Amino acid sequence: MKRPHASDDVRERALAAVDEGHPVAEVATFFQNDPSTIYRWLRRRRRTGLATRRAHPGRPRGLRPEQEAALRALVDGRSDAILAELCQAWAAQTGQRVSVPTMHRWLRALGITRKKRR
């Protein structure tokens, strides 16, 4: 199992300790990190001015609220459409192409089912 990321609070406290003059090896031992991690944090702060974690690359997962409303309206108008047709309609409406599995995940997250009768 991978070790969890250090919180921004731990980073700030560790860097503050280094700024106070404590040796990096001592600070790394105290905060249970490798010295190379402390050096990486120092290098990042020196280059960017920030000691916080980098943002994860890629686009955000899931739908934004305005997309949820647009998807609900799209499905309401095409209640008998298959997933591939919904993907094409979504691409025509928003310009964003999505795969069939993504469309299925979105519909499931919104609680929209394919079953017509309960």
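The coordinates are above.
Asks: Just to check I follow, could you spell out the overall build of the chain for this structure?
Replies: Helix and strand counts for the chain come out as 6 helices and 0 strands. Mapped in sequence order, the helices and strands of the chain form the string α-α-α-α-α-α. Burial status across the chain gives 29% buried among its 118 residues. Per element, the accessible surface of the chain, about 9,200 Å² overall, is 51% carbon and sulfur.

Asks: Hey, could you run me through the packing of helix H1 (residues 8-19) against helix H3 (residues 35-48) in this one?
Replies: Geometry of a packed helix pair, given as the angle between the helix axes and the separation of the axes. Closest axis-to-axis distance for the H1/H3 pair is 10 Å, and the angle between their directions is 85°. Comparing their axes, H3 and H1 come out roughly perpendicular. For the pair formed by H1 and H3, the contact residues are Arg11, Ala14, Leu15, Val18 and Asp19 on the first element and Ile38, Trp41, Leu42 and Arg45 on the second. Partitioning the contact of H1 with H3 into residue classes produces 6 nonpolar, no polar and 3 charged.

Asks: Looking at this structure, how should I read the pattern of salt bridges?
Replies: Working definition: two side chains of opposite charge can pair if their charged atoms are close together. In this structure the tally under the stated criterion is 3 salt bridges. The salt bridge partner of Asp19 is Arg45, with a shortest N-O separation of 2.8 Å. With Asp19 in helix H1 and Arg45 in helix H3, this pair connects stretches of sequence that are 26 residues apart. Arg45 gets classed as partly exposed once you look at its relative accessible area, which sits at 27%.

Definitions and limits used
- Residues numbered from 1 in each chain as written.
- Predicted model: local features only at pLDDT ≥ 70, side-chain atom pairs only at ≥ 80, totals over all residues.
- Heavy atoms only, no water.
- Helix = DSSP H or I, 4+ residues; strand = E, 2+ residues; numbered from the N terminus.
- Buried < 20%, exposed > 50% of the residue type's maximum accessible area, 1.4 Å probe, protein only.
- Areas by Shrake-Rupley, 256 points an atom, 1.4 Å probe, with all protein chains shown as cover.
- Axes fitted to C-alpha atoms, helices over the stretch in contact; angles between N-to-C directions.
- Parallel < 35°, antiparallel > 145°, perpendicular 65-115°, else oblique.
- Contact = heavy atoms within 4.5 Å.
- Nonpolar A, V, L, I, M, F, W, Y, C, P; charged D, E, K, R; others polar.
- Salt bridge = Lys/Arg side-chain N within 4 Å of Asp/Glu carboxyl O.

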